[in-house]
Amino acid sequence: MKLKILITAGDGIGPEVTNEAVAVLKEVAAIGGHDFTFTEKRIGGVAIVKDGTPLPADTLEAALASDAVLLGAVGGNEFNSMPPDKRPEGGLLQLRSALGGYANLRPCFSFKELTVNSPLRPEIIEGTDIMFVRELLGGAYFGKPREWNKAENRAYNTMVYTRDEVARVARIAFQLAQKRRKKLCSVDKANVLEVSQLWRAAVVEVGAEFPDVELEHQYIDAMAMHIMNRPRDFDVVVTENLFGDILTDESGVITGSLGLLPSATIGGKVNLYEPVHGSAPDIAGKSLANPLGAILTAALILRHSGGLEAEASAVEASVRKVLEQGFRTADLARGNTRDFTVLNTQQMGAKVCETVKTMLVNA
Ligand code: IPM
Ligand code: MG
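Owing to the predicted nature of the structure, the values given are computational and were not obtained by experimental measurement. (Residues numbered from 1 in each chain as written. Chains lettered and ligands numbered in written order. Predicted model: local features only at pLDDT ≥ 70, side-chain atom pairs only at ≥ 80, totals over all residues. Heavy atoms only, no water.)

### Section: the environment of Phe210
- Structurally, the position occupied by Phe210 is in the loop between α7 (194-207) and β9 (214-219).
- Accessibility expressed as a relative area gives 6% for Phe210, which makes it buried.
- Taking the C-alpha atoms as reference, Phe210 lies 44 Å from Pro281; in sequence the two are 71 residues apart.
- Residues in contact with Phe210, not counting those within four places in the same chain, are Arg171, Phe174, Gln175 and Gln178. (Helix = DSSP H or I, 4+ residues; strand = E, 2+ residues; numbered from the N terminus. Buried < 20%, exposed > 50% of the residue type's maximum accessible area, 1.4 Å probe, protein only. Contact = heavy atoms within 4.5 Å.)

Right, dumping it as structure tokens:
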């Protein structure tokens, strides 16, 4: 298997956690005789400082010439007063748009060993396994017109979807549901918004192609509550860009840490892979960051860009194993050094690598 992977490590803890994800990919490549090549380019705040723009042209060019892009994180407090398109986040949105992936897959699961890390009770969250499919290229994020008119003290954004934009992401969600527990929940605000009424109509229309998948609809406000009260009831959840942004951060409460959640964006020219967590500037460069979200994101590269299902599963199983053995990064141990062995970013990466190796060599 040959893969050209572009690494855009970005800001804050991005470089530290992507280093560990790359190490895992290199281990998998060495064992299986795969040819993975890695190139690094700047994005986000580091690119604003060095190149004067959050998405330099050579980064975009390299991204379009690769098979997969692995992003660390973007953002930093020093850019907070800039207009949205000039900020680090603007670079990421431009990259998403240029690569064309519209279906952002964000799995949310509870790890048995980490149920105590969640403020929710274990009997509520145990066994949760949700696949969020967040539409990534439409809605208020990209809708026009948009403006903050300072003279008039008035600002607006446009939440817009076409039927086809909804249909294509719904189709991916239905297909995923077919391979899982055959349940799809579409989330909207169709009691208030026309754009949600169109969303719902398009999802129902595509649903006719998937009679074996049970389809339900929920309003976003009710859904925010349901995933806290009864997360196990959901299998695949499809929703528009902004609702998906919010629901997936909320779902981090189930896992107990946003630092564990991966994502893959598919459907476009080049797949884009990013952990769900942010740049965490307060702990950047201190080897405190949790690399497991980035490592699980690497597993998604193996699955969705490499077609290497066994290897992807081995990486995921290794993360579980390491947690089972009592290894934790500081955010996961939360001061409990009696029951856990606390590892720094690099030690945790090495522990997972070692486990992946044992698992694949003995497979
Ligand atoms: C995410 C992030 C991004 C988003 C930001 C960094 C632009 O919150 O991936 O969830 O809003 O999509
Ligand atoms: Mg977000």
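There is more to say, and it comes next.
### Observations regarding the side chain of Thr18
- Looking at the secondary structure, you find Thr18 in helix α1 (residues 14-32).
- Residue Thr18 is classed as buried on the basis of its relative accessible area, which comes to 3%.

### Here we look at helix α13 (residues 345-361)
- In a regular helix each residue adds 1.5 Å, so 17 residues correspond to 24 Å; α13 covers 24 Å between its end C-alpha atoms and thus fits that length.
- Thr345, Met348, Gly349, Lys351, Val352, Cys353, Thr355, Val356 and Leu360 are the residues of α13 that are buried.
- Against the buried residues of α13 lie α1, α10 (292-304), α11 (309-324) and β13 (327-328).
- Measuring from the backbone nitrogen of Gln346 back to the side-chain oxygen at the start of α13 gives 3.1 Å, which picks out Asn344 as the cap. (Expected span 1.5 Å × (residues − 1). Polar contact = N/O pair within 3.5 Å; in protein donor to acceptor, adjacent residues only side chain to side chain.)

### Focus on unusual backbone geometry
- A cis amide bond links Lys144 with the next residue in sequence, Pro145, at an omega value of 5°.
- Its place among the elements puts Pro145 in the loop between β5 (129-135) and β6 (147-149).
- At Ala280, a position not held by glycine, the phi torsion is positive, near 40°.
- On the basis of relative accessibility, which here comes to 25%, the residue Ala280 falls in the partly exposed class.
- Phi is positive for Arg334, close to 45°, though the residue is something other than glycine.
- With respect to the helices, strands and loops of the structure, Arg334 is situated in the loop between α12 (330-333) and β14 (341-342).
- A relative accessible area of 52% means that Arg334 is categorised as exposed.

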